[in-house]
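# A look at the structure
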Amino acid sequence: MDNPEPRAQYLNIVLRQIARTALRIPRFQRHFVWDERDVIELLGSIQRGYPIGSILTWRVEAGDNYFSGFRHDPFPVADDSVATFEVVLDGAQRLSSLYGCLRNAEANPIYQVVFDARSGTFLHGPSALADPWQIPMDSLFDSRRFLDVQAAIADLEDGEELLPRALELYSTFQDYQIPIIAISNAVLEDVVEVFRRVNSSGTPLSSVDFVRALTWQSSFDLEETFDVFAERYQGTPLEGITEDFLVRCLSIAAGLSLDARDVRQLKTLSNRPDGLTREISEMQSALDRVADFLARLQVRGMREVPYDVQRLLLFSLKLYQSPVTDQELEEWFWRSTFAEEHQSKPESYVTRLVREMRAGNYAPTLEVRKVIEPDLFVKRSRRAGSAVATGFDLLLRNAGARSLLSGDSLMEADALHGLLFSRSELTGLTSEAPSRAGLLANLVLLSSADADEWRVLRRSMSLSELFDLCNDRTSQASEVWESQGLGAALDESPAFLLWRRSVALLTRQVPELSSRAL
């Protein structure tokens, strides 16, 4: 690989390169994900002369069969007669925003931006509806249109004041330069390593995204295959399955490691007469078995499996059709979740365990070395997305949690959280004063109707009184409250009740904790 060639190019030149398709966004790049604020902030940075970061590109020849095609909207359709071009590796969101706003605003309403010369701000809205003092951004690189804009501003009462602002905006964008770093004469190994190491301030491209390009051939489009998977698992425990996860599953099914330098071998395998058909079929069968197992745990989507490592190990166990029973697997799932066994584990860790499984050794995968404290739920506050918090909600649902006032099942409905004790009632219980009311052991699940009523009644009624109210309504208060780890002794101190509840909930899935809690 040659040394990267940094160059500063005028924005106008960059837009022309895009227009003649000498600068392209390959299909393996993610779709446009910026929102209106992101676009406005980018334009504002240029207006103020701020740097917007460099663009990383890869110079290739038209004959290089690396790409499944190129994205357009707002970029133009690729011209096949262009012999040499550059593909965007990092900076696609920025270039899409700039080309859309300045040259192809009709591609998407998000690119329709005007500059209000009176307020000095950028606003979203079609140019056809713009006021005379609002400058459509796609007029800045269209000389005839910009002359019309100047004429309209000059006719305004404050035209003499506004016209210099319009001309300053015009010259700022015309004179703005973008740093571009081009990689040339690079082999795939080098480019994959660049992906691994690049650290952009924008929306960086990962080596896994790039695999979609490496594995493409005319008869096999990995992106389309992944779309089929996403549709297949809609409404199942695998809903929300990501391309990142699917690429890793495919690598495992193909007998590869998860190292990006090894994953590139998928390209070679895809060139076989039957491509990756066999691996895709085995992968689907394994994912079906994973979905069946997760349904046993009442999982309703991939986000409810706390660790990516757990997902990959579950897939591998089902792929190799291990002799591990679902009961053993369920015990491992709960133990590894609440022990936080898989926190910050590298890909090499998963690769090693998968290698052991291929050899028929499943014991290392099921080993949980970290210790679970029986009072875990008293020590941890709810933090959205954390493994313990995710596992806590799943544990309650798995135990058949019922709403504490109505007794309604919470298996299907989206439950809301309620508090057993207020912050003032928990004073002195923990040093985590700002979040002590949000301790996991202090949270209960409630139906939406019960949640509103609970908040009101809890201010004037004790837990015992609420228990009695539930019993009056259902005649099953003991069963209802026990479903959430709450026994009949509700007049205990908050500290002891929450400790007892933490132990009760955890020992349902990790029975050996009961002896350590004594």
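What counts and how
- Residues numbered from 1 in each chain as written.
- Predicted model: local features only at pLDDT ≥ 70, side-chain atom pairs only at ≥ 80, totals over all residues.
- Heavy atoms only, no water.
- Helix = DSSP H or I, 4+ residues; strand = E, 2+ residues; numbered from the N terminus.
- Buried < 20%, exposed > 50% of the residue type's maximum accessible area, 1.4 Å probe, protein only.
- Contact = heavy atoms within 4.5 Å.
- Areas by Shrake-Rupley, 256 points an atom, 1.4 Å probe, with all protein chains shown as cover.
- Phe/Tyr/Trp six-rings, centres within 6.5 Å; stacked < 30°, edge-to-face > 60°.
- Lys NZ or Arg CZ within 6 Å of the ring centre and 35° of its normal.
- pLDDT = per-residue confidence, 0-100.
- Pairing = 2+ DSSP bridges.
- Axes fitted to C-alpha atoms, helices over the stretch in contact; angles between N-to-C directions.
- Expected span 1.5 Å × (residues − 1).

A count of helices and strands for the chain gives 23 helices and eleven strands. Counting over 518 residues, the chain shows a buried share of 52%. In the chain, 73% of the contacts between residues at least 6 apart in sequence involve partners at least 24 apart. On the chain, roughly 23500 Å² of surface is accessible, and the fraction owed to carbon and sulfur atoms is 48%.

For the structure on display, the rule yields twelve aromatic pairs. Ring centres of Trp454 and Trp481 lie 6.1 Å apart, and the angle between their planes is 45 degrees; on these two criteria the pair is classed as tilted. Remark: Trp481 occurs in helix H21 (residues 477-482) and Trp454 occurs in helix H19 (residues 448-457); sequence separation between them is 27 residues. As far as the burial class goes, Trp454 and Trp481 line up, both buried. Above the ring of Phe70, the side-chain terminus of Arg24 is found at 4.9 Å from the ring centroid.

Moving on: the confidence of the model for the chain. Overall, the prediction assigns the chain a mean pLDDT of 87, with 89% of residues at 70 or greater. Counting interchain partners and residues more than four positions distant, the pLDDT-below-50 stretch residues 199-205 has 15 contacts.

Let's shift gears to the sheet that holds strand E4 (residues 70-71). Spatially, E1-E9-E3-E5-E2-E4 is the arrangement adopted by the six strands of the open sheet, whose pairing is mixed. For this open sheet the edge positions go to strand E1 (5-10) and E4, each flanked by a neighbour on one side alone. This element, helix H1 (residues 11-19), spans E1, strand E2 (23-26) and strand E9 (177-183) of the sheet and lies at about 100 degrees to E1.

For helix H13 (residues 308-319), which comprises twelve residues, the first-to-last C-alpha distance of 16 Å matches the rise-based estimate of 16 Å (1.5 Å per residue) to within 8%. With eleven of its twelve residues buried, H13 lies for the most part within the structure. When H13 is considered as a whole, its buried residues turn out to be Val309, Gln310, Arg311, Leu312, Leu313, Leu314, Phe315, Ser316, Leu317, Lys318 and Leu319. Buried positions along H13 lie against helix H9 (243-253), helix H12 (277-296), helix H14 (326-338), helix H15 (347-358) and helix H16 (363-366). Immediately downstream of H13, the backbone of Gln321 shows phi near 45 degrees, a positive value.

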